[in-house]
Amino acid sequence: MDSTSLLLKLLAEGREVHGLSFDYGQKHGLELQRLQANLDYLRAQGLSVHCQRIDLSDIATLLHSSLTDLQWQIPKGHYESDSMKQTVVPNRNAIFASIAFACALSLSQRLKHRVDLCLGVHAGDHAIYPDCKPEFYDAIFHAFAIGNWDADRVSFHLPYVHWDKFQILKDAQRSIRKLDLDFDTVFRNTMTGYEPGADGKSNGSTGSDIERILAFHKLGLVDPIEYVEPWPQVVERATRIHAQFINDEFNRSRASVGDPSRRNGF
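None of these values were measured; they are calculated from a predicted model.

**Student:** Lay out the overall build of the protein chain with the relevant residues and their values.
**Tutor:** Each helix and strand counted, the protein chain has 9 helices and 4 strands in total. Sequence-ordered secondary structure for the protein chain, helices as α and strands as β, is α-β-α-β-α-β-α-β-α-α-α-α-α. Since a compact globule built from 266 residues should have a radius of gyration of about 18 Å, the 20 Å found for the protein chain is in line with a globular shape. Each of the three principal axes of the protein chain carries a C-alpha extent, and together these read 65 × 45 × 35 Å. Counting every position in the protein chain, which comprises 266 residues, the buried fraction comes to 47%. Restricting to contacts in the protein chain with at least 6 residues of sequence separation, those with at least 24 account for 71%. Surface accessibility of the protein chain: about 13,900 Å² in total, with carbon and sulfur atoms responsible for 52%. Charge separation in the protein chain, taken as the distance between the mean sites of 29 positive and 34 negative side-chain charges, equals 3 Å.

Below, the structure is given as structure tokens:
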């Protein structure tokens, strides 16, 4: 959803886009099929996008994450709950960014002009995924700059790094209107859930599902992807899980403030 919104934003700005997608053995590999469906749709609308899939699937068995381990059940619940740390893939964004930077630098050298390396990381990921934080990208981009000749040919563009899913979706709405595309078609060809069923339906229970559902609901839209339950039930559950998380966080905070040992710094 985030990368698709970013793609639309770049196209609406009139940019020439050279995209990369990654198969790292993720259980939700359906997202790659839906990406291809969107690329086909965009091309049918006269929007050309260069996109190449990078096959990293062989490393899946080496990665300690519920997203790649077939014997490890993906946790359900709120996106910011501690259990969601089980969905962290070690060094994932460093791997992706490193490959993307190498491709961007090579492209700039072939085209003889500067290019932007654009990534769809967003603020909603900061609580659980340390490799989505601004300071991570500041550090890794600095490493790329000192580790490559002509690194100044590549600029870094993270338009969503301080945005949440709602803001991203609203921005995508604007881009779609400008490009004269069909909103439901575009977002039906996205996958946010970490655990889609064999029929492609999202269960609506994983943290990434809930974050997406609440963004659509806040914008007053019905998510065009299929869920295992009707949309009103999907929204009700997501809202309940979010409210429970906020309540639990409030109670934990209140308990900490009321603990004399914490007030005294012990």
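That covers the picture; the talk isn't over yet.
**Student:** Got a sec to walk through the nonpolar core? Specific residues and values, please.
**Tutor:** The biggest cluster of nonpolar side chains holds 35 residues, and the ones touching the most others in it are Leu8, Leu11, Leu42, Leu169, Leu181 and Phe187. When contributions to this core are tallied by element, the ones reaching two or more residues are α1 (2-12), α2 (30-44), α5 (165-179), α6 (183-188), α7 (207-218) and α8 (231-257). Beyond its immediate chain neighbours, meaning those up to four positions away, Leu11 contacts Val17, Leu42, Leu47, Ser48, Val49 and Leu179. Ranked by size, the runner-up nonpolar core spans 34 residues in total, among them Val115, Val121, Ile128 and Leu158.

**Student:** A description of the packing of helix α3 (residues 92-111) against helix α4 (residues 134-146) should follow, citing residues and the corresponding values.
**Tutor:** For the pair α3 and α4, the least separation of the axes is 11 Å and the interaxial angle reads 40 degrees. The angle between α3 and α4 places the two elements in the oblique class. Crossing of α3 against α4: the hand is right-handed. Here Asn93, Ala94, Ala97, Ser98 and Phe101 of α3 come into contact with α4, specifically with Phe136, Tyr137, Ile140 and Phe144. For the contact of α3 with α4, a count of residues per class yields 7 nonpolar, 2 polar and no charged.

**Student:** I'd like a description of the pattern of salt bridges, backed by residues and values.
**Tutor:** Applying the stated rule across the entire model yields 9 salt bridges. Across the pair Asp171 and Arg174 runs a salt bridge whose closest N-O atoms are separated by 3.2 Å. Taken together, the residues Asp171 and Arg174, both in helix α5 and 3 residues apart, mark about one turn of the helix. Note that Glu236 is salt-bridged to Arg240, the shortest N-O span being 3.2 Å. Pair noted here: Glu236 and Arg240 are both in helix α8, with a separation of 4 residues, about one helical turn. Classification of Glu236 by relative accessible area gives partly exposed; the value is 43%. Bridged by salt links that share partners, the residues Asp2, Lys165 and Glu211 form one connected network.

**Student:** Could you give an account of the state of the cysteines, with specific residues and numbers?
**Tutor:** Applying the stated criterion across every chain, the model contains 0 disulfides. Not part of a disulfide, Cys103 finds its nearest cysteine sulfur in Cys51, a span of 11 Å. For Cys103, a relative accessible area of 33% corresponds to the partly exposed category. Between Cys118, a cysteine without a disulfide, and Cys51, which holds the nearest cysteine sulfur, the sulfur-to-sulfur distance is 13 Å.

**Student:** Can you explain unusual backbone geometry? Please cite residues and give values.
**Tutor:** Notably, Asn91 is not glycine yet its phi reads approximately 65 degrees, a positive angle. Although it is not a glycine, Asp150 adopts a positive phi angle of roughly 60 degrees. For Asp150, the position within the fold is in the loop between α4 and β4 (154-157).

**Student:** Break down the packing of aromatic side chains for me, citing the residues and quoting the values.
**Tutor:** Each pair of aromatic rings is reported with the distance of its centres and the angle of its planes. Counted according to the given criterion, the structure contains 13 aromatic pairs. Ring centres 3.7 Å apart and planes at 10 degrees place the aromatic pair Phe141 and Phe156 in the stacked group. Remark: Phe156 occurs in strand β4 and Phe141 occurs in helix α4; sequence separation between them is 15 residues. Relative accessible area serves as the criterion here: at 8%, Phe141 is assigned to the buried category. With a centroid separation of 6.0 Å and an interplanar angle of 85 degrees, the aromatic rings of Phe187 and Phe216 are classed as edge-to-face. Here the residue Phe187 occupies a position in helix α6, and Phe216 occupies one in helix α7, the gap between them amounting to 29 residues. Accessibility assignment for this pair places Phe187 and Phe216 in one class, buried. In textbook terms, an aromatic cluster arises when at least three aromatic residues are bridged by ring pairs, as seen for Phe101, Phe136, Tyr137, Phe141, Phe144 and Phe156.

Each value, and the rule that gives it
Residues numbered from 1 in each chain as written. Predicted model: local features only at pLDDT ≥ 70, side-chain atom pairs only at ≥ 80, totals over all residues. Heavy atoms only, no water. Helix = DSSP H or I, 4+ residues; strand = E, 2+ residues; numbered from the N terminus. Rg over C-alpha atoms; globule rule 2.2 N^0.38 Å. Buried < 20%, exposed > 50% of the residue type's maximum accessible area, 1.4 Å probe, protein only. Contact = heavy atoms within 4.5 Å. Areas by Shrake-Rupley, 256 points an atom, 1.4 Å probe, with all protein chains shown as cover. Lys, Arg positive; Asp, Glu negative; His and termini not counted. Charge placed at Lys NZ, Arg CZ, Asp CG, Glu CD. Core = buried A, V, L, I, M, F, W, Y, C linked by side-chain atoms within 4.5 Å. Axes fitted to C-alpha atoms, helices over the stretch in contact; angles between N-to-C directions. Parallel < 35°, antiparallel > 145°, perpendicular 65-115°, else oblique. Left-handed = near helix turned anticlockwise from the far one by under 90°. Nonpolar A, V, L, I, M, F, W, Y, C, P; charged D, E, K, R; others polar. Salt bridge = Lys/Arg side-chain N within 4 Å of Asp/Glu carboxyl O. Disulfide = S-S within 2.5 Å. Phe/Tyr/Trp six-rings, centres within 6.5 Å; stacked < 30°, edge-to-face > 60°.

In short, geometric facts, not functional conclusions.
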